Structures are given as structure tokens and as C-alpha cells.
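# Reading the structure
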Amino acid sequence: MSLVTTTEMFKKAYDGGYAVGAFNVNNMEIVQGITEAAGELNSPVILQVSKGARAYANHTYLVKLVEAAVEENPQIPIALHLDHGDTFELCKSCIDGGFTSVMIDASSKSFEDNIALTKQVVEYAHAHGVVVEAELGTLAGIEDEVVVEAGKEAYTRPEEVEEFVDKTGCDSLAIAIGTSHGAYKFTAAQCTRNADGILVPPPLRFDVLEECIKRLPGFPIVLHGSSSVPQEFVKMVNQYGGNMPDAVGIPEEQLRQAAKLAVCKINIDSDIRLAMTGNIRKYFAEHPDHFDPRQYLKPARQAVKDMVAHKIKYVLGSDGKA
Ligand SMILES: [Zn+2]
């Protein structure tokens, strides 16, 4: 199988009551960890590249790494997606450069300007066999160069979604229902604390999601900022010399619930970073004399694989759906 678009993936996910994981890739170990897990569990998967990843690793390296993963895992569908494209030119460059899906994120612009830019990208993408994700509403948090201050976020207005999808022709829609980018998704003031003193974030706005689904029956919805920030990794980081107090994410049960509804794509990035960083810190603490990058990147890659396998089985529900 060569790289595919998300069209067929989303149709099956919508009908089957599960979601496809969209994991951010920045280097070889991350690509391998994700796709080995998806391959072994026979799950479709989306590998996504941000503007920051392209700046770090270079477009060609990332595309070739993903092509290698496709060759090594011929039994599963893999899509290559641009995460948070902010201009027509960036989207065009990825469409021309081998991506099968792009996101145009014009959600910080006015409703009219968002429609105009999204439509322009859709026209170019569709003419080249590529699909487009758009966004309505804004998430709080930090993702590469996308920074939205807490308090400046805005839930998606369900009354706008039909007109937006109609006028733009986009293939999927990212909505804001309370997820957030980064490993510090909520301030302590927004949360309560459980018996162990761990922050418990406010619940996702399922009422907004349900209202969007009602207005867009059969249409794939996307959730960004959906890492769960597993406390085992936060603990590991803090135990071995790190300092990440009060890092908190979206509870996995809520994501599982969203995946059973119209949410067909769930974005996960911070959990990959945490799994790698926690395990590398642990490795160095336990082996202060080691200096071969293969020695510490091997457990980091394994941690990504185990984390992704857990998401596929218990959060996304996409195992066996390739
Ligand atoms: Zn995002």
C-alpha cells in the first residue's frame, strides 16, 4: 500500500465508532515507534508534520522517513498530514511535496476570511487528490508557533459549522470543545485536585460536539490538543531531574467517548514528547557512563511504541481496523 488520504479511513471510523490517531513526527525513532505499534495492531494511522517539524527535520527527510514506514508496514493505511498549515503557500508546498492531507488553520481570522482561505486551499488540494482539514473555534495552549493565551480560546459555535463546511468544501473539521495544546493544558485555577493531589481538568463540552454532529451528520470531526499527559511519564520526568509540576491533559475516558461519536481523528503530540523525555532522563540517571545515542534512543522509541499501542487499543479503538 502507498500513502493514502484520510477519506476511506474517516468513513470507516465514523461508521465503526472509533477514531484514527494522528501522531506528530519529528525524527526516525518517533516514526518507527508509532508505525510499529500501528502495524502490529493492524490499525490505520495518520502521521502529521507541523511547520516546526519541517523547520527542524526538513521536508524531504520527513517524507522519506514516512515512505520507509509505509514500505515496512504494507498491511496498514498510512496518511501523511500537514498539521496547522497557516498559509496557502505552506499547504501548497506540502501538497506538491507528497502529503496526502493538509490542515489549513485560519481559525484566528474572521469567519469570512477563514472561509476564503480554506476554500482557496481546498480548491488546490482537491485538484491534486489531497484532502483538507479546517478549523472553527480556537484552542488554548502552545503548539510550535501557534500560541493562544488561556482565556483567549473560544469554543466552536455550532450555528456556524454548516455554512462553513458548505462554503469551503473542506473534508473534515477541527472543533474546540475544551481540549488544549501542550503539556500544561489547564491552570490549577481551572481544575480541581483528586485525592492524590493530581489536577483534574474541566470536562470536555460534549454538548457543543453533539450540536455540531446534529448539524453535520456523517461528517468527520477532529480533536486537537488531545494528549492525556500520563502521570507515569510526568512522574518519571520529575523523578530523574526534570521539573514539570502540574502538567495535565485530557482524561482518556473522555477521548474514548468522543471517538465513539463523530470524532474520527484525535491528535496526540505531547504524550510522545513525555514518553521519550521521561525514558531518556531515566536512562541517563541509571547509566551515567553511557554516551551512544542508540543506547538511550532505543528505550525512548520503545516507550513511544508502547504508548501508541495503549492509545490504539484503549482510547482510539482503531485496532484491527486497517
Ligand atoms: Zn493542533
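Residues numbered from 1 in each chain as written. Predicted model: local features only at pLDDT ≥ 70, side-chain atom pairs only at ≥ 80, totals over all residues. Heavy atoms only, no water.

### A few points about the sheet that holds strand β1 (residues 20–24)
This is how it is decided: Pairing between strands is defined by DSSP: at least two bridges between them are needed. Helix numbering and strand numbering both begin at the N terminus, where a helix is a DSSP run of H or I of at least 4 residues and a strand a DSSP run of E of at least 2. Axis definition: a line fit to C-alpha positions, over the contact stretch in the case of helices; interaxial angles, taken between N-to-C directions, run 0 to 180 degrees.
Taken in spatial order, the eight strands of this closed barrel run β1-β2-β3-β4-β5-β8-β12-β13, and their pairing is parallel. For this sheet, the mean angle separating the axes of adjacent strands, direction not counted, is 25°. Relative to strand β3 (residues 78–85), strand β2 (residues 45–50) runs parallel, the two being bridged by six bridges. Opposite Ile46, over in β3, you have Ala79 as the bridge partner.

### Concerning the nonpolar core
Just so we agree on the cut-off: We define a nonpolar core as any set of buried Ala, Val, Leu, Ile, Met, Phe, Trp, Tyr and Cys residues linked to one another through side-chain atoms lying within 4.5 Å. Between buried and exposed lies partly exposed: a residue is buried under 20% and exposed over 50% of the maximum accessible area for its type, with that area taken using a 1.4 Å probe on protein chains only. Whether two residues touch is decided by their heavy atoms; if any such pair falls within 4.5 Å, the residues are in contact.
Residues Ile34, Val102 and Leu173 are the most contacted members of the largest nonpolar core, which totals 94 residues. The element that contributes the greatest number of residues to this core is helix α12 (residues 293–316), accounting for 10 residues. Each residue touching Val102, except ones within four places of it in the same chain, is listed here: His81, Leu82, Cys91, Cys94, Ile95, Val121, Val130, Val131, Val132 and Glu133. Grouped together as the second largest cluster of nonpolar side chains are nine residues, Tyr18, Ala22, Ala79 and Cys264 included.

### Side note on the pairing of β1
Definition in use: A clockwise course of the path from the first strand over the helix to the second, judged with the strands pointing away from the viewer, identifies a crossover as right-handed.
Of all five residues that make up β1, five are buried, and the element is covered over most of its length. Burial of β1 is two-sided: the residues Val20, Ala22 and Asn24 facing one way and the residues Gly21 and Phe23 facing the other way are all buried. As paired elements, β1 and strand β13 (residues 263–268) share four bridges and run parallel to each other. Bridge pairing links Gly21 to Ile266 in β13. Sheet topology places β1 next to β2; three bridges connect them, and they run parallel. Following the sheet pairing, Ala22 is matched in β2 by Ile46. A crossover connection joins β1 to the parallel β2 through helix α2 (residues 28–40); in handedness this β-α-β unit is right-handed.

### Thoughts on the packing of helix α11 (residues 270–286) against α12
Counted only if it meets this: In this scheme, a crossing is called left-handed if the near helix is turned counterclockwise away from the far one by less than a right angle; it is called right-handed if the turn is clockwise. Ten residue types, Ala, Val, Leu, Ile, Met, Phe, Trp, Tyr, Cys and Pro, are classed as nonpolar, four, Asp, Glu, Lys and Arg, as charged, and the remainder, Gly among them, as polar.
Running from amino to carboxyl end, α11 crosses α12 at an angle of 145°, the nearest separation of the two axes being 8 Å. Here α11 runs over α12; the crossing is right-handed. Where α11 abuts α12, its residues Asp271, Ile272, Ala275, Met276, Asn279, Ile280, Tyr283 and Phe284 lie against Gln295, Tyr296, Leu297, Pro299, Ala300, Ala303, Val304, Met307 and Lys311. For the contact of α11 with α12, the per-class residue count stands at 13 nonpolar, two polar and two charged.

### A closer look at the pairing of β3
Strand residues, when the strand is regular, have side chains that alternate between the two faces of the sheet. β3 sits mainly inside the fold: eight of its eight residues count as buried. Inspection of the sheet shows β3 paired to strand β4 (residues 101–104) by three bridges, in the parallel sense. Residue pairing for β4: Gly85 is matched across the bridge by Ile104. Considered for its hand, the β-α-β crossover made up of β3, helix α5 (residues 88–96) and β4 is right-handed.

### Quick look at the pattern of salt bridges
Any two side chains of opposite charge can pair if their charged atoms end up close together. How we decide: By salt bridge we mean one thing: a side-chain nitrogen of Lys or Arg within 4 Å of a carboxyl oxygen of Asp or Glu.
Considering all chains together, one arrives at 21 salt bridges under this definition. Glu286 serves as the salt-bridge partner of Lys282, at 3.6 Å between the closest nitrogen and oxygen. Of this pair, Lys282 and Glu286 both sit in helix α11, four residues apart, roughly one helical turn. Each of Glu162, Glu211, Lys214 and Arg215 takes part in a single network of salt bridges with overlapping partners.

### Describing the environment of Asp269
Topologically, Asp269 is positioned in the loop between β13 and α11. Among the residues examined, Asp269 registers a relative accessible area of 10% and is labelled buried. The sequence separation of Asp269 and Glu8 amounts to 261 residues, and the corresponding C-alpha distance is 23 Å.

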